[in-house]
Every structure is written in C-alpha cells, then in structure tokens.
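# Descriptive analysis of the structure
Now for the letters of each chain:
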Amino acid sequence: ELVIKEIICPKENYVLSGVSAYKKKIQYLQAKNHPSIIRYLGVFSTSDSFFILRDYKKDDIPLSKLTKIRLEEIKAIAIKILSVLKEFQESSPPMIHQNIKPENIFIDRKLNIYLTDCSIE
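The paragraphs below set out a description of the structure included in this document. In this text, all values refer to a predicted model and were calculated from it rather than measured experimentally.

### Observations concerning the pattern of salt bridges
Inspection of every chain in the model, using the stated rule, returns 5 salt bridges. Close ionic contact of Asp55 with Arg39 constitutes a salt bridge, the shortest N to O distance being 3.1 Å. With Asp55 in strand β3 (residues 49–55) and Arg39 in the loop between α1 (12–32) and β2 (40–45), this pair connects stretches of sequence that are 16 residues apart. Classification of Asp55 as buried rests on a relative accessible area of 17%. Put simply, Glu73 and Arg70 hold a salt bridge, and the shortest N to O gap is 3.7 Å. Among the residues examined, Arg70 registers a relative accessible area of 51% and is labelled exposed.

What counts and what doesn't
Every chain begins its residue count from 1, and numbering advances along the sequence as written. Predicted model: local features are reported for residues with pLDDT of at least 70 only, side-chain atom pairs are reported and counted for 80 or more only, and whole-chain, interface and lining totals are derived from all residues. Side-chain calculation: all heavy atoms of the structure are included, whereas hydrogens and water are not. The salt bridge definition used is simple: a Lys or Arg side-chain nitrogen within 4 Å of an Asp or Glu carboxyl oxygen. The helix and strand labels rest on DSSP assignments: H or I over at least four residues marks a helix, E over at least two residues marks a strand, and numbering proceeds from the N terminus. Burial classification: accessible surface area is computed with a 1.4 Å probe over protein chains only, and a residue below 20% of its type maximum counts as buried, one above 50% as exposed, and the rest as partly exposed.

Structure below.
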C-alpha cells in the first residue's frame, strides 16, 4: 500500500521543474534512509500535475488524529520530534522540515514518530 500525493501545476514548465526537484529530494531521502522519515518511492507526472509516491503505514496515525493521550506521552513525543529535527539540522547537507504540523507527524503504537514533507537545503 502507498500514498499518492498530487501536486497540480498552473503551467507545464512548473511540472517539469517540480518533478526534477522532487526526484532529487527523493533520491537524497532514500540514500539517507532515516528511520523517522516515511519512505518515498518515486515521482511521476502528467501534463498539468505530478504525483509523489510514498509508503503508507496502515497502523500509524497522524498526530492530529490522536484523541486520548496522557501528558507523559505528549512529552515523549515532543522530545522525539525535537531530537529528530536536531539530527536533521546537524546532517550534511542539513535537512529541513518544510511544513511541520500535526498532519505531517505520524505516530505508531510504540510512540515512534515518522515525518513527511522533509527536504534538503
């Protein structure tokens, strides 16, 4: 199972530049193979949009969907997120999380975190 994210582009040259940028990003993230980054599988395009393919983790849920959570769990999750972001910043080249928000942070049953929308600087 996988997730397909569509990015619609207003002009054809945006499709080509977007695909090129995402291919570079995906190759870098695949080479990094970080355990807290959801695995990207590839990118393809049509005339007016391109699509990013990534792993789908059936049992992981976005942080935004957590309903019952204890204070200790919130603290553990926050520490893990900050630790991963610090590690990203210290890598070479630095990785940047472009859009940190609860919808881009996934949690498994053991409170491991997985991020989407990561990039390189």
